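Understanding the architecture of this molecule
This is what each chain is made of:
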Amino acid sequence: MKTVAFFDSGIGGLSVLEEALCKFDAKFIFYADRENVPYGEKPREEILKYVEEAVDFLAERGAEAVVLACNTATSVAAKILRQKYDFPIIGMEPAAKRALDMDSTKRVLVTATPVTVAGEKMRALIGRVDKEHLVDLLALPKLVNFAEKGEFTGVKVETYLKEKLAPYNLKDYSALVLGCTHFNYFKDTLRNLLPDNVSLVDGNEGTVRELARRTGLQPKSLDNEVEFYYSKRNITDKKELMRLDGYINRLKVMREIK
Ligand code: DGL
């Protein structure tokens, strides 16, 4: 069975892992760089150093493919990592194209971290897919902090989102793109704040499909186990594993919210 690793700065990447766990058999490794999260407001060179360190570690652990289950890490490091390793490096990209394909008449709000929003990769993506200038970009860095604290709902989260969404006339939008894997935890709150004409769109399904295509993963037939790491530290503590399980269960619910 193939060993595939999922990397994120923190717990956001669990949303991509959850998608893979539902669909394919593999030996799964999940690495959250919790010593250095959040990435989204750090200098790019610093992020690159962290991601390279993590992928070196995962290669030593026998990873035969690494999913950068983090839009920020992909923006900074995917190109460089692909030159360094001969196994597949699967990146993530905010699903702006998918959103525009769903409705090419209304506006699309792409949310992500400040690093992803300001990156060259985003500029190239928008240049490629947004011919009619329908896309707006919005950085939501605080959602990463809320997620890492396990604060997925409540007044503080709602107030922050309301404030950030206030400048947009949401009736003109067909989609809000979740361009950071941490944002998947907030789908219920977002759904309550957004009008019905705005769908929530993420790139998890496409990323996992690409992983399966590149590595030949077989459809799920087993109860696959996951080995968890927090910045090179193997997590074996029962309480912590239960907490991670709780997050995965929340993501199962979030996945149904569109
Ligand atoms: N989950 C990450 C992403 O998809 C980044 C979160 C962060 O560390 O700022 O962009």
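A quick note: this is a predicted structure, and the numbers were derived from the prediction, not measured.

Moving on, we get to helix 7 (residues 141-148). Note that an α-helix has 3.6 residues per turn; residues three or four places apart therefore point the same way. The element helix 7 is largely enclosed, with a buried count of six among its eight residues. Within the span of helix 7, buried status applies to Pro-141, Leu-143, Val-144, Phe-146, Ala-147 and Glu-148. Buried residues along helix 7 sit against helix 5 (114-118), strand 7 (135-139) and helix 8 (155-165). Two residues or fewer after helix 7 comes Gly-150, characterised by a positive phi angle close to 75°.

Let us now look at the packing of helix 1 (residues 14-23) against helix 11 (residues 238-255). At a minimum axis distance of 9 Å, the contact between helix 1 and helix 11 shows a crossing angle of 75°. When the axis of helix 1 is compared with that of helix 11, the two are roughly perpendicular. Touching Leu-14, Ser-15, Leu-17, Glu-18, Glu-19 and Cys-22 of helix 1 are Leu-244, Tyr-247, Ile-248, Leu-251, Lys-252 and Arg-255, all from helix 11. A per-class count over the contact of helix 1 with helix 11 returns seven nonpolar, one polar and four charged.

If you walk across this open sheet you meet the six strands as 5-4-1-3-11-12, and the pairing is mixed. On the outer flanks of this sheet lie strand 5 (89-90) and strand 12 (233-234), each paired with one strand and no other. In this structure, strand 1 (residues 3-8) lies alongside strand 3 (residues 27-32), joined through six bridges in parallel fashion. Its bridge partner being in strand 3, Phe-6 is matched across the sheet by Phe-30. Most of the contacts of helix 3 (residues 71-84) go to strand 4 (residues 65-68), to which it runs at about 155°, and overall it touches strand 1, strand 4 and strand 5.

Before going further, it helps to spend a moment on the side chain of Asn-71. With respect to the secondary-structure elements, Asn-71 resides in helix 3. Among the polar contacts listed, one links the side chain of Asn-71 to the backbone oxygen of Gly-179, at a separation of 3.1 Å. In this structure Asn-71 touches Met-92, Glu-93, Pro-94, Thr-116, Gly-179, Cys-180 and Thr-181, once residues within four positions along its chain are discounted.

Conventions used here
- Residues numbered from 1 in each chain as written.
- Predicted model: local features only at pLDDT ≥ 70, side-chain atom pairs only at ≥ 80, totals over all residues.
- Heavy atoms only, no water.
- Buried < 20%, exposed > 50% of the residue type's maximum accessible area, 1.4 Å probe, protein only.
- Helix = DSSP H or I, 4+ residues; strand = E, 2+ residues; numbered from the N terminus.
- Contact = heavy atoms within 4.5 Å.
- Axes fitted to C-alpha atoms, helices over the stretch in contact; angles between N-to-C directions.
- Parallel < 35°, antiparallel > 145°, perpendicular 65-115°, else oblique.
- Nonpolar A, V, L, I, M, F, W, Y, C, P; charged D, E, K, R; others polar.
- Pairing = 2+ DSSP bridges.
- Polar contact = N/O pair within 3.5 Å; in protein donor to acceptor, adjacent residues only side chain to side chain.

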